[in-house]
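# Structure assessment
In case you want the letters, here they are:
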Amino acid sequence: MTSSHPTIYTESYNDSLTLLAQQTQPRLRPFVRPAQEGTGETFFWDRLAATAAIEVTDRFAELTFADPEFTRVGCTPRPFAATGRLSERDILRGIIDPTNAVLQNMVASLARQFDLMVYQALGADVKLGRSGASTEALPAAQKIAVNSHAFDADAGSGDVGLTYYKMLSALAILRNAGIDPLVEDVVLACTATQKMDLVSAARGSSRDYVSQMPLETGALDLFLGVKLIDIVPEAAEALSGGDRFVYMFAKRGVGGAVLSDIKGEINKDPKALDAFLLKAWMDMDFARIDPKMVVQIACNV
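Keep in mind the model is a prediction, meaning the values are calculated, not measured.

This part takes up the nonpolar core. In terms of nonpolar packing, the biggest core is built from 30 residues, with F249, M284 and F286 touching the most fellow members. Excluding anything up to four places from it in sequence, M284 contacts P77, R78, F114, M117, A257, V258, S260, D261 and I262. Formed by 27 residues, the second largest nonpolar core is a distinct cluster that contains V160, Y164, L198 and I297.

Next up, the structure:
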């Protein structure tokens, strides 16, 4: 008599958690003015306007005095938090302890919020004076329209995305204000879509404009001496009509006020029998210190 063995199946499970696709680090952190840290309700930056030299035309000519022009901008830090709870029983029933992965996920959400606040500060009205009763908008001279074709060698027309000639226009504005990307950090905060707009154009892959080989690697991190930092679309708000603002700015042009940097913590929940309380938080905000160091570029996406 013959017998056959039954087929035996086993199930295997991964002993780790994989975070789904997301930006996990604040990409604009190295490119804003070092944040002020301390205590207080509002943080201020005092500004001194440029002055002009006056020619002295006579040995004993009476000097003309020009009083220094001081202004002040400020911002008030805002708190943000990501919180959640995990049951100790659920942790014990699982293959792995998900606590650290969940906390890492929360911290990642604050990293994206960091970039969003910097992005918003670049184009937002900034509060003036101690009371903040008046505001300063980004001047029209610092804005490049979605249909701008200045410096366009091909003499095109209509709404366009990010182009080399819009980059040239923004650079001209910054250079006319005394900002030199060869001397200090100049950054373009955009999404990957805008970077690919540049790569798709012949000049975006020409060695005359870039030192990399973007058609081979797909990477474009430096263009016309400007660092291109791509942030996820949720950190670069889309505008009505399908357009999106991107910003070219000098590091000195944006400042941060920090009451509490990004932190994460795991504690027992005192209100539950077997739960852990997970929380990540930060308390900060940013302000555009000098409008002449920021250029807004409207792009058709």
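This part takes up the sheet that holds strand β8 (residues 186-190). Strand order in the open sheet formed by six strands is β7-β14-β11-β8-β10-β9, with mixed pairing between adjacent strands. Edge positions in the sheet fall to β7 (143-144) and β9 (222-223), since each has one partner strand and no second. Here four bridges tie β8 to strand β11 (residues 243-250), and the two strands are oriented antiparallel to one another. Residue pairing for β11: V186 is matched across the bridge by A250. Running over the sheet, helix α3 (residues 164-176) touches β7, β8, β9, β10 (226-230), β11 and β14 (294-300) and is turned about 165° from β14. Packed onto the sheet, helix α4 (residues 192-200) meets β8, β9, β10, β11 and β14 and runs at close to 135° relative to β10.

A few words on the packing of aromatic side chains. What the rule picks out here adds up to three aromatic pairs. A cation over a ring is seen here: K268 above F276, with NZ or CZ 4.9 Å from the ring centre. Taking NZ or CZ as reference, K279 lies 5.5 Å from the ring centre of W281, over its face.

You will see that F151, though not glycine, has its phi angle at about 70°, which is positive. Topologically, F151 is positioned in the loop between β7 and α3. With phi around 55°, L224 is a residue other than glycine that occupies positive phi space.

What counts and how
- Residues numbered from 1 in each chain as written.
- Predicted model: local features only at pLDDT ≥ 70, side-chain atom pairs only at ≥ 80, totals over all residues.
- Heavy atoms only, no water.
- Core = buried A, V, L, I, M, F, W, Y, C linked by side-chain atoms within 4.5 Å.
- Buried < 20%, exposed > 50% of the residue type's maximum accessible area, 1.4 Å probe, protein only.
- Contact = heavy atoms within 4.5 Å.
- Pairing = 2+ DSSP bridges.
- Helix = DSSP H or I, 4+ residues; strand = E, 2+ residues; numbered from the N terminus.
- Axes fitted to C-alpha atoms, helices over the stretch in contact; angles between N-to-C directions.
- Phe/Tyr/Trp six-rings, centres within 6.5 Å; stacked < 30°, edge-to-face > 60°.
- Lys NZ or Arg CZ within 6 Å of the ring centre and 35° of its normal.

As far as function goes, none of this settles anything; it's purely spatial.
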